[in-house]
Amino acid sequence: MLNKKSYLPISILSGLLFIGFACAPKQAAEEPIDETYATQTDKLLIKVDTLYTELENPWGMTWLPDGKMLITERKGEILVFQDDAFTGQKIQGLPPVHEVNQAGLLDIAIHPKYEENGWIYIAYAKHFEDSTGATTIMRFKLDGNNAINQEELIVAGPSWKGGRHFGSRIVFDNDGYLYFSNGDKGNIPMNAQNLNNAHGKIHRIKDDGTIPTDNPFTDSLGNISSIWTYGNRNPQGMVYDKVNNRIWEVEHGPMGGDELNLIEKGKNYGWPVITYGQNYDGTPITDITEKEGMEQPIHYWVPSIATCGMTLVTSDKYPAWKGNILVAALAKQHIARVEMNGTTYVGEEKLLQDIGRVRQVSESPDGYIYAITEATGLLIKLLPIR
């Protein structure tokens, strides 16, 4: 547990990262921010407030109305933070997870009406006795730090060997529907085109796990009726735009071809029939990048940045970034600030290069941007100066 805050400046010299920490007591809201270690971005001067340095493989984060922050660790833990500091406490009684490679405890989100019903939702790889796993959504309530009233809502099967491409993110829309992502599981890419399994898809369910009757694919032909979109390789980032009622998603390409997509009902996003990436050995996956009936990404990255979590900047605290999409980059170890004109990509800036493998970036209920990293194990908060 950190008793003081640390400010993390970013600078690059000969390809190395030099990090300086300057500890100071917690700033009062009305006090000016010390600019000693501030970082100048293209449009905003910010300070990186390092809140915690001992994360292992963090994945998701959410906030409760009482101000607590919950952060998931892939090995199956949920850490409890209060006032931007780790309390030393963890949520107890969680289900066992299939912790293999990318699989484990993944995203976390609270119900839009949490103050009325107390539901917390998690996406995780459920472990089966044959050593397989399947992306699963469950919900629970809290009694102190104990996870009670646990309800398994949906298992996105079939269960699979190994730990590649499990997704997964959770978002709710304005009508209270829950969307979650599930990767193609890696070794059979055409899973993503097969409506008879749940892999390589975005799914839509009601908050209790039942399937909405207006979902695009019925189960009359053996289709998985929770499917909302398909042809999605490994979507590890989603964010819901409440004002414009739309879902943004990012997914990993293979070697090249990470995608930013606008997720729309019933559409096919093409993987692996079309892609801007290639196999990891340099051989082609396909000779086409476009096909009728398959969606083009709003933007794609070649080479891959290894897209992960994402958020939409809605806060007035970052006026120069408002409306931008912030995308976590694992392999390239930065946050991509993507400028949009409606649904058209305009350009991007790399923020905090070499901060670590950024797993998620989120906007808190009080309007601040937070991010979590692997390797460097950081929880950081971006403090806007001007």
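Residues numbered from 1 in each chain as written. Predicted model: local features only at pLDDT ≥ 70, side-chain atom pairs only at ≥ 80, totals over all residues. Heavy atoms only, no water.

## Side note on the pairing of strand E23 (residues 307-312)
Then step 1. Of all six residues in E23, six are buried, a share of seventy percent or more.
Then step 2. The pairing of E23 with strand E24 (residues 325-329) spans four bridges and is antiparallel. Residue pairing in the sheet places Thr311 in a bridge with Leu326 of E24. (Buried < 20%, exposed > 50% of the residue type's maximum accessible area, 1.4 Å probe, protein only. Helix = DSSP H or I, 4+ residues; strand = E, 2+ residues; numbered from the N terminus. Pairing = 2+ DSSP bridges.)

## A closer look at the nonpolar core
Then step 1. One finds Trp321, Ile335, Leu352, Ile380 and Leu382 to be the most contacted residues of the largest nonpolar core, which totals 22 residues.
Then step 2. Looking at this core, the elements with two or more residues in it are strand E6 (45-52), E24, strand E27 (357-363), strand E28 (369-374) and strand E29 (379-384).
Then step 3. If near-sequence neighbours (up to four positions away) are discounted, Leu382 is found in contact with Ile46, Lys47, Val48, Tyr318, Trp321, Leu352, Tyr368 and Ile369.
Then step 4. Within the second largest apolar cluster, 16 residues are counted, among which are Ile108, Tyr124, Met138 and Phe140. (Core = buried A, V, L, I, M, F, W, Y, C linked by side-chain atoms within 4.5 Å. Contact = heavy atoms within 4.5 Å.)

## Here's the deal with the side chain of Asn232
Then step 1. Within the fold, Asn232 resides in the loop between strand E18 (227-230) and strand E19 (235-241).
Then step 2. Asn232 gets classed as buried once you look at its relative accessible area, which sits at 0%.
Then step 3. A polar side-chain atom of Asn232 sits 3.1 Å from a polar atom in the side chain of Glu251.
Then step 4. Ignoring any residue separated from it by four or fewer positions in sequence, one finds Asn232 in contact with Asn182, Asp184, Ala192, Gly200, Lys201, Ile202, Glu249, Glu251, Ile263 and Tyr269. (Polar contact = N/O pair within 3.5 Å; in protein donor to acceptor, adjacent residues only side chain to side chain.)

## Examining the UniProt feature "domain: Glucose/Sorbosone dehydrogenase" (unreviewed entry) in the protein
Then step 1. Look at the UniProt record and you will see "domain: Glucose/Sorbosone dehydrogenase" (unreviewed entry) annotated at residues 55-379.
Then step 2. Structurally, residues 55-379 comprises 1% helix and 44% strand, and the distance from its first C-alpha atom to its last is 8 Å. (UniProt positions renumbered as here; feature names shortened; annotations may be inferred.)

## Considerations on the sheet that holds strand E14 (residues 146-160)
The pairing of strands in a sheet comes from backbone hydrogen bonds and takes either a parallel or an antiparallel form.
Then step 1. Spatial strand order, E11-E12-E13-E14: four strands in an open sheet with antiparallel pairing. Of all strands in the sheet, those bounded by a partner on one side alone are strand E11 (105-110) and E14. Pairs of neighbouring strands in the sheet enclose a mean axial angle of 20 degrees, with direction left out of account.
Then step 2. Two strands pair when backbone bridges link them, and strand E13 (residues 133-143) and E14 are joined in this way by nine bridges, in the antiparallel orientation. Looking at the pairing, Leu142 lines up with Ala147 of E14. (Axes fitted to C-alpha atoms, helices over the stretch in contact; angles between N-to-C directions.)

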